[in-house]
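Structural characterization, general
Here is how the chains run, residue by residue.
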Number of protein chains: 2
Amino acid sequence: MSIRIGILGYGNLGRGVESAIRQNPDMELVAVFTRRNPENLKIRTEGVAVLNVADAPDYTDKIDVMILCGGSATDLPTQTPEYAKLFNVINSFDTHARIPEHFADVDKAAKEGGKVGIISLGWDPGMFSLNRMISTMILPEGNNYTFWGRGVSQGHSDAVRRIEGVIDARQYTVPVPEAVDKVRNGENPTFVTRDMHTREVFVVAEEGADKARIEKEIVEMPNYFADYNTTVTFISAEEMKANHSELPHGGFVIRSGVSGFDKEHKQIIEYNLKLDSNPEFTGSILVAYARAAYRLAAEGQTGCKTIFDIAPAYLSPLSGEELRAHLL
Amino acid sequence: MSIRIGILGYGNLGRGVESAIRQNPDMELVAVFTRRNPENLKIRTEGVAVLNVADAPDYTDKIDVMILCGGSATDLPTQTPEYAKLFNVINSFDTHARIPEHFADVDKAAKEGGKVGIISLGWDPGMFSLNRMISTMILPEGNNYTFWGRGVSQGHSDAVRRIEGVIDARQYTVPVPEAVDKVRNGENPTFVTRDMHTREVFVVAEEGADKARIEKEIVEMPNYFADYNTTVTFISAEEMKANHSELPHGGFVIRSGVSGFDKEHKQIIEYNLKLDSNPEFTGSILVAYARAAYRLAAEGQTGCKTIFDIAPAYLSPLSGEELRAHLL
């Protein structure tokens, strides 16, 4: 019996989930739900239904886990509690400040529906949180450092696209090599924002646009760029397409701690990701945790969970005996 | 109320555990148990009892978790089931092939005693196993690579010390940089043993010993050195003491996988440790999981567990609310 998965929302992340399901033989994609007209949506997996979100409630008996692939700003806060009444759900909610409130909403709904919801999965929040937490417990005296990149920030790219005269833009977040070296050497440095990351922006401008003005608007943009050293490079639409159409990302979380009776020994734990495709990697994580949601629900558990609550064995289709014999 | 810890066995690992307990304010070391004459054993923590192992059964009401710091060859296989009847126990049993049998023994004993036992903790097995397993679930199509070092292998150092004419020896395991680069680049190479690690041996020889014979015996030693490129350097006892008295180690686990509809995207996950002190780091892990054993036991759970069975939240003294608000 396969674990039957539904995808709600078919953007980059939805496609990443679809792709990941094909790599897991115990999983089956049953349907993709969209707010668009389903007739206009082509998906990659043959023979799978594409339906309007309004039809989702008819699928409660046909789907074991619904993976919600909408955005954190407006989609997930309302969708997740709504669907947690009907399905075991998974999401990648990443608005850190609103996690407690979101957890409470999903917990209430999932308990009402007798379902399991696992929220805020992905790599940050998600795998990075997990590693920061475990490393902090192992080395209670020390500092955590999180570096992102080199990779495309879609939020920063969108912010540049909203500037007048900009046709297209891609923003890369880049760790500062000297800062990384200091941390890896266990120097426990104190940083301001500018010390840790630089930002590289590639812009396709309208013909005749004032490039000096565009550059100034970018580098002085509050929150997004003002606190960073930013370089702006104007390129052609062809160059954008040829060199910047992928969505690579990555980063690393470093715990730099000490041990010993006199705190004389440095101990460094690093978790490092190099990703050719950010949405496919995030999708892969959501799918692995969909297996956990399915298995927890099969045990009769209900309510909202996070990555901290999931014993790793639930991610695997293998039995405890098999895991101990082959993976410990 | 502190979590009350006992240490059984006071070698390098026992001292590492003692040191780690001092870094965790919710933990208290109650007693160290030894097979030696307790009067001859000095520990670092003032006011803590040093007792013979025969006295341990008197401490069942005074100790919440007993951390077993003996060796995997002969101590832990018998000690762990014996003490799991009396205490919640933690060990670092690392004989991979015998883990299923050991698990069964500890599970039976812990269930009889109504206790929790967590076995095979440390960094390999332990954190490396955890990362290999989770990464394999996220990226089901790919390869795992484990590199150890640069660091001291105590087993290999001991093997050299048994050679005639050798007074002291220290063996460093060293990853081959070219091999590491290939893996980090996502080339998914196939290796034989010799490709991944080299071995560096430092030897203090007896005056007049036949150094050529010693070197030959080392580099040709089956299992330990014959399959590796090994360098042997003869040094003085003073140099050994000055430069090789610490026990650094480390290593990294890399999952090199692919994603995408045409498997066109490389995705690399690396978990990397750089440790000034191997036994203190292992001790720190045992202490973090002692907290988990305590909390699981408080919930009424019993039996044997491994790192795969422990939801990460159990490692932390923080509540679920606090973890979600501050660490997710």
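Residues numbered from 1 in each chain as written. Chains lettered and ligands numbered in written order. Predicted model: local features only at pLDDT ≥ 70, side-chain atom pairs only at ≥ 80, totals over all residues. Heavy atoms only, no water.

1. Description of the sheet that holds strand β10 (residues 197–205) of chain A
Residues and elements named next belong to chain A. To keep it simple, the criterion reads: DSSP calls a pair of strands paired once it identifies at least 2 bridges connecting them. Strands here are runs of E lasting at least two residues and helices are runs of H or I lasting at least four, both read from the DSSP assignment and numbered beginning at the N terminus. Only heavy atoms enter the contact rule, under which two residues are in contact if any of them lie within 4.5 Å. Axis lines are fitted through C-alpha atoms, for helices just across the contact stretch, and the angle between N-to-C directions can take any value from 0 to 180 degrees.
Strand order across the open sheet formed by four strands is β8-β9-β10-β11, with mixed pairing between neighbours. Two strands bound the open sheet, and with one partner strand each, they are β8 (151–152) and β11 (229–234). The sheet contact formed by strand β9 (residues 166–175) and β10 spans nine bridges and is antiparallel. Looking across to β10, one finds that Gln 171 is bridged to Val 201. With respect to the sheet, helix α5 (residues 154–161) is in contact with β8, β9 and β10, its orientation differing from that of β9 by roughly 145 degrees.

2. Looking at the packing of helix α2 (residues 75–84) of chain A against helix α3 (residues 99–113) of chain A
All names here are of chain A. Which entries qualify depends on this criterion: Between 65 and 115 degrees an angle is taken as roughly perpendicular, under 35 as roughly parallel, over 145 as roughly antiparallel, and anywhere else as oblique. By convention, the crossing between two helices is left-handed when the near helix turns anticlockwise from the far helix through less than a right angle, and right-handed when the turn is clockwise.
At a closest axis distance of 7 Å, the pairing of α2 and α3 adopts a crossing angle of 20 degrees. Considering the angle they form, α2 stands roughly parallel to α3. When you trace α2 past α3, the crossing you get is right-handed. Residue-level contacts link Leu 76, Pro 77, Thr 80, Pro 81 and Ala 84 of α2 to His 102, Asp 105, Val 106, Ala 109, Ala 110 and Gly 113 of α3.

3. With respect to the confidence of the model for chain A
Regions with low pLDDT carry predicted coordinates that are not meant to be interpreted in detail. Rules: Confidence of the predictor in every single residue is expressed as pLDDT, which spans 0 to 100.
On average, residues of chain A score 97 in pLDDT, and 100% of them are at 70 or above. Both scores are given for the predicted complex: the pTM is 0.96, the ipTM 0.96.

4. Points about the interface of chain B and chain A
Rules: A 1.4 Å probe defines the accessible area here, and the buried area is the portion of it lost by two parts on being joined, summed over both. Salt bridge, as used here, is a side-chain nitrogen of Lys or Arg placed within 4 Å of a carboxyl oxygen of Asp or Glu. Pairs of N or O atoms within 3.5 Å make up the polar contacts considered here, provided that, within protein, one atom can donate a hydrogen while the other can accept it, and that residues adjacent in sequence are counted only when both atoms are side-chain atoms.
At the junction of the two partners, chain B supplies 68 residues and chain A supplies 68 residues. In total, chain B and chain A occlude about 6300 Å² of area from one another, counting both sides; carbon and sulfur atoms represent 63% of this. At the junction of chain B and chain A, the tally comes to two salt bridges. We note a salt bridge from Asp262(B) to Arg44(A), for which the minimum N-O separation is 4.0 Å. The tally of links from chain B across to chain A stands at 28 residue pairs in polar contact (both at pLDDT 80 or more). Elements represented by at least two residues in the side of chain B that touches chain A include exactly α1 (12–21), α3 (99–113), α4 (127–138), β12 (249–259), β13 (265–275), α10 (278–298) and α11 (320–326) of chain B.

5. Remarks on the packing of aromatic side chains
Residues and elements named next belong to chain A. Under the convention used in this document: Side-chain rings of Phe, Tyr and Trp (the six-membered ring for Trp) are treated as a pair once their centres are within 6.5 Å; stacked means planes under 30 degrees apart, edge-to-face means over 60, and tilted covers the remaining angles. Throughout this description, buried means an accessible area under 20% of the type-specific maximum (1.4 Å probe, protein chains only), exposed means over 50%, and partly exposed covers the range between.
Tallied over the full model, the rule gives twelve aromatic pairs over all chains. Considering the side-chain rings of Trp 123 and Phe 128, the 5.3 Å spacing of their centres and the 75 degrees angle between planes classify their relative orientation as edge-to-face. Exposure remark for Trp 123: the relative accessible area of 8% places this residue in the buried category. Residue class for Phe 128 comes out buried when judged on its relative accessible area of 0%. With a centroid separation of 5.9 Å and 75 degrees between ring planes, the pair formed by Tyr 145 and Phe 191 is classed as edge-to-face. Residue Tyr 145 is found in strand β7 (residues 142–148), and its partner Phe 191 is found in the loop between α6 (177–184) and α7 (193–196); the two are separated by 46 residues along the sequence. Side by side, Tyr 145 and Phe 191 carry an identical accessibility label, which is buried. Following the ring pairs from residue to residue traces out a cluster consisting of Trp 123, Phe 128 and Tyr 271.

6. A short note on the pattern of salt bridges
If the charged atoms of two oppositely charged side chains come close together, the side chains can form a pair. Residues and elements named next belong to chain A. As enumerated under the stated definition, the model contains 33 salt bridges over all chains in all. Between Glu 141 and Lys 263 there is a salt bridge; the shortest N-O distance is 2.9 Å. Of this pair, Glu 141 sits in the loop between α4 (127–138) and β7 while Lys 263 sits in the loop between β12 (249–259) and β13 (265–275); the two residues are 122 residues apart in sequence, bridging distant segments of the chain. Owing to a relative accessible area of 26%, Glu 141 belongs among the partly exposed residues under this scheme. A residue is classified by how much of its surface remains accessible, and Lys 263, at 44% relative accessible area, is partly exposed.

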